There are 2 protein chains.
Amino acid sequence: MQILNNQNYIPQISIDCVIFGYRDKELKVLVSKLNFEGNFWSLAGGFINQHEDIDTAAYRILHERTGITEIYLEQFHVFGNAARNNIGFFKKLIELNPGTMGNEVYDWLNNRFISIGYYALVDINTAIPKKAELDKVIDWCNVKDLPGLIMDHKDIVEKALESLRQNLDQKLIAFNLLPETFTMKELQELYEAIFDKPFARNNFQKKMLDLNVLERLEKKFTGAANKAPYLYRFRNNG
Amino acid sequence: MQILNNQNYIPQISIDCVIFGYRDKELKVLVSKLNFEGNFWSLAGGFINQHEDIDTAAYRILHERTGITEIYLEQFHVFGNAARNNIGFFKKLIELNPGTMGNEVYDWLNNRFISIGYYALVDINTAIPKKAELDKVIDWCNVKDLPGLIMDHKDIVEKALESLRQNLDQKLIAFNLLPETFTMKELQELYEAIFDKPFARNNFQKKMLDLNVLERLEKKFTGAANKAPYLYRFRNNG
DNA sequence: ATTTATTGTCTAACTTATAGACAATAAATA
DNA sequence: TATTTATTGTCTATAAGTTAGACAATAAAT
């Protein structure tokens, strides 16, 4: 538990990361269950070292939780209501876990925190979820069907999703959620999962090809009794 | 100087406000010169009380500097590079002002700060600039011709302007920069100042009227030898 | 060879954006 | 009073972009 009372952390500021992944046609978020009595589910979070850039801190937290280093990461909002830590979470935690918590942990968690929200887009096949010190379970959950999250983490996810949707077309970042190669249908299904609405196949394909960022590779023979789709690769450079 | 070592402030977090106003066909920003030796120009800034929402703190800071209470305000980015306070500013400040600074001020300013950026849109005719404790001068400056600002305040203004431009069409917030009534030409000139590019008069008018948020009032007789323009008022509610 | 399901692409219809044109008009001028 | 000038409000033709329907191509099963 030495980490939490580390004097090198900036006090009263935290980082919460909404780590998005994509599998089984569902947009997922990496959440963890805290290693305490009671069903406390949380986003991947952490703190900022005194001499660390906040972006660097977010990368560090993400690397710790996913094992990957090349991560698309974006700061999207700061959550700073005075009451955000007090909506029952900490009291309930203490109540359900009497005597199990060191003073340092107690003192640290009992603070008011202002939290900087980041969202990350990762290839779920490459990311290997890794529990942090206080996690009991860590898993990918459908963004539409998350467990009850502590504090205002549900609001944070919603705001992250909203920001993701707004940025998706301008910044061409959806590809970070897919493996290296993918079919047009897979790309479309990803968009449909993110926006939670269907797209017209013909126009979606035209729009994506018109972006001039997709490289068409060989066909993908799936064994299905129909025309084989092409594989595409996202090429960032020219 | 008691304010700065106020134990009720959250340490190492600040708020910096880019207060936009509009006059003489120019987009302005409220900046202040610090009451020290040396030309230190700064954005309107402040700190967050322990039991204060960050939005409330931003409103408080804005009210202190402009005297107005109904302010359009939006959080747009957090600036948290570890080096942001150290790019010579503090050293230079100490060097040019030997022995004039109390220990509390010294200790407080010598900290690393993570700053939450807000931008505000105000009617420059209603806003009455008011110096804060450490300000020597406070004034509206053309956003295209700002004095040299301390720390990363120039970056903060640039990011604020970028965010303002992105939000302007979606959120219909430009009207906050104008007086109650205005002509179509004045509205267009405001847009041109914000985007730093010309708009076609006919299409601009059509676009604004198609928004269905402008109420047409009586004509404004300017005394000029030409057709009198209508005055318009922004109506927020249906 | 035929059928089936899906993919890739084309085009017509519709909507929106852009650019040019012109009438309306407030005040100055003749 | 009629004419001129500068600007405003609006219309329309054209261009550009979006949406919806259609159909050929094709991999594998029948």
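Asker: Before we move on, could you go through the packing of helix H5 (residues 184–195) of chain A against helix H6 (residues 201–210) of chain A and cite the residues and values that matter?
Answerer: Residues and elements named next belong to chain A. It is the contact of H5 with H6, at a shortest axis distance of 10 Å, that shows an interaxial angle of 100 degrees. By the angle between their directions, the pair H5 and H6 is classed as roughly perpendicular. Taken together, the residues of H6 that come into contact with H5 (itself represented by Met184, Leu187 and Gln188) are Arg201, Phe204, Gln205 and Met208.

Asker: Kindly report on the sheet that holds strand E8 (residues 214–219) of chain A, identifying the contributing residues and their values.
Answerer: Two strands in a sheet stick together by hydrogen bonds in their backbones, pointing the same way (parallel) or opposite ways (antiparallel). Residue and element names in this part refer to chain A. The strand order E7-E9-E8 describes an open sheet built from three strands, whose pairing is antiparallel. Strands with a single pairing partner mark the edges of an open sheet, and in this sheet they are strand E7 (181–183) and E8. Taken over all neighbouring pairs, the strand axes of this sheet differ in orientation by 40 degrees on average, direction set aside. In this sheet, strand E9 (residues 230–234) lies alongside E8 in antiparallel orientation, the contact comprising four bridges. Looking across to E9, one finds that glutamate 215 is bridged to arginine 233.

Asker: Describe the relation of the copies chain B and chain A, and please don't skip the residues or the numbers.
Answerer: In screw terms, the move from chain B to chain A is a rotation of 180 degrees and a rise of 0.0 Å along the axis, fitting with an RMSD of 0.0 Å. Overall, the copies show the geometry of a two-fold rotation axis.

Asker: Residues and numbers for the interface of chain B and chain A, please.
Answerer: One frequent convention defines the size of an interface as the accessible area lost when the parts assemble. Each partner contributes residues to the interface: chain B has 17 residues there, and chain A has 17 residues. Looking at the side of chain B that touches chain A, the elements that each hand over two or more residues are strand E1 (9–23), strand E4 (72–79) and strand E5 (114–121) of chain B. Looking at the side of chain B that touches chain A, its residues break down into eight nonpolar, six polar and three charged.

Asker: Can you tell me about the protein's contact with DNA strand C, naming the residues and giving the values?
Answerer: Looking at DNA strand C, there are 20 residues lining it, with Asn202(A), Asn226(A), Tyr230(A), Lys227(B) and Ala228(B) nearest. Counting only elements with at least two residues in the surface near DNA strand C, the list comes to H5 and H6 of chain A together with helix H6 (201–210) of chain B. Of the residues that constitute the surface near DNA strand C, the class distribution is nine nonpolar, seven polar and four charged.

Asker: Lay out the domain arrangement of chain A in plain terms, naming residues and giving numbers.
Answerer: Residues and elements named next belong to chain A. Here chain A is partitioned into domain 1 (9–174) and domain 2 (180–234). Here the C-alpha centre of domain 2 lies 31 Å away from the C-alpha centre of domain 1. If you look at the interface, domain 1 gives nine residues, while domain 2 gives eight residues. Here the residues of the side of domain 1 that touches domain 2 sort into six nonpolar, no polar and three charged.

Asker: Any chance you could break down the environment of Lys197(A) for me, citing the residues and the numbers?
Answerer: Residue and element names in this part refer to chain A. Along the chain, the position of lysine 197 falls in the loop between H5 and H6. For lysine 197, a count of 8 C-beta atoms within 10 Å gives the class exposed. In this structure, the C-alpha to C-alpha distance between lysine 197 and aspartate 155, residues 42 residues apart in sequence, is 21 Å.

Asker: Help me get a handle on the sheet that holds strand E8 (residues 214–219) of chain B, residues and values and all.
Answerer: Residue and element names in this part refer to chain B. The sheet built from three strands is open, its strands ordered E7-E9-E8 with antiparallel pairing. Each of the sheet's edge strands pairs with one partner strand only, and the pair in question is strand E7 (181–183) and E8. Sheet twist, expressed as the average angle between the axes of neighbouring strands with direction ignored, equals 40 degrees. The pairing of E7 with strand E9 (residues 230–234) spans three bridges and is classified as antiparallel. Bridged to phenylalanine 182 within E9 is tyrosine 232. Across the sheet, helix H5 (residues 184–195) touches E7 and E9, and the angle it forms with E7 is around 85 degrees.

Asker: Tell me about the protein's contact with DNA strand D, residues and numbers included.
Answerer: In the vicinity of DNA strand D lie 20 residues, with Lys227(A), Ala228(A), Asn202(B), Asn226(B) and Tyr230(B) positioned nearest. Secondary-structure elements contributing two or more residues to the surface near DNA strand D are H6 of chain A together with H5 and H6 of chain B. In terms of residue class, the surface near DNA strand D is made up of nine nonpolar, seven polar and four charged.

Asker: How would you summarise the nonpolar core if you had to cite specific residues and measurements?
Answerer: Judged by nonpolar contacts, the single largest core of 102 residues is most densely connected at Cys17(A) and Cys17(B). Leaving out residues up to four positions away in the same chain, Cys17(A) has contacts with Leu43(A), Ala44(A), Gly45(A), Ala58(A), Ile61(A), Leu62(A), Tyr118(A) and Ala120(A).

Asker: Can you tell me about H5(B), naming the residues and giving the values?
Answerer: Residue and element names in this part refer to chain B. Taking 1.5 Å of rise per residue, 12 residues should cover 16 Å, and H5 covers 17 Å from first to last C-alpha, within 8% of that figure. By the burial criterion, the buried members of H5 are Leu187, Leu190 and Ala193. Summarising the axial view, the buried residues of H5 lie within an arc of 120 degrees, below the 170-degree limit, and thus occupy one face. Of the residues one or two after H5, aspartate 196 is the one with positive phi, at around 55 degrees.

Asker: Give a description of H6(B) that names residues and reports values.
Answerer: Counting buried residues along H6(B), only zero of its 10 residues qualify, which leaves the element largely exposed. In the stretch just after H6(B), Asn212(B) is the one whose phi turns positive, near 60 degrees.

Asker: Hey, could you go over the pairing of strand E2 (residues 26–34) of chain B for me, with residue numbers and the actual values?
Answerer: All names here are of chain B. Of the strand pairs in this sheet, E1 and E2 are connected by four bridges, and their pairing is antiparallel. Paired with phenylalanine 20 across the bridge in E2 is valine 29. The turn joining E1 and E2, which pair antiparallel and follow one another in sequence, is formed by two residues; a positive phi near 50 degrees is taken by aspartate 24. Both E2 and strand E6 (residues 135–142) contribute to a ladder of seven bridges, which runs antiparallel. Looking across to E6, one finds that leucine 34 is bridged to aspartate 135. Here three bridges tie E2 to strand E3 (residues 41–49), and the two strands are oriented antiparallel to one another. Along E3, the bridge assignment pairs lysine 33 with tryptophan 41. Where E2 hands over to E3, the hairpin turn is made up of six residues, of which glycine 38 adopts a positive phi near 100 degrees.

Basis of the calculations
- Residues numbered from 1 in each chain as written.
- Chains lettered and ligands numbered in written order.
- Predicted model: local features only at pLDDT ≥ 70, side-chain atom pairs only at ≥ 80, totals over all residues.
- Axes fitted to C-alpha atoms, helices over the stretch in contact; angles between N-to-C directions.
- Helix = DSSP H or I, 4+ residues; strand = E, 2+ residues; numbered from the N terminus.
- Parallel < 35°, antiparallel > 145°, perpendicular 65-115°, else oblique.
- Contact = placed C-beta atoms within 7 Å.
- Pairing = 2+ DSSP bridges.
- Least-squares fit on C-alpha atoms with pLDDT ≥ 70 in both.
- Nonpolar A, V, L, I, M, F, W, Y, C, P; charged D, E, K, R; others polar.
- Near = placed C-beta within 6 Å.
- Domains from an automatic or database assignment.
- Buried ≥ 20, exposed ≤ 12 C-beta atoms within 10 Å, placed from the backbone.
- Core = buried A, V, L, I, M, F, W, Y, C linked by C-beta atoms within 7 Å.
- Expected span 1.5 Å × (residues − 1).
- Arc of directions from axis to C-beta.

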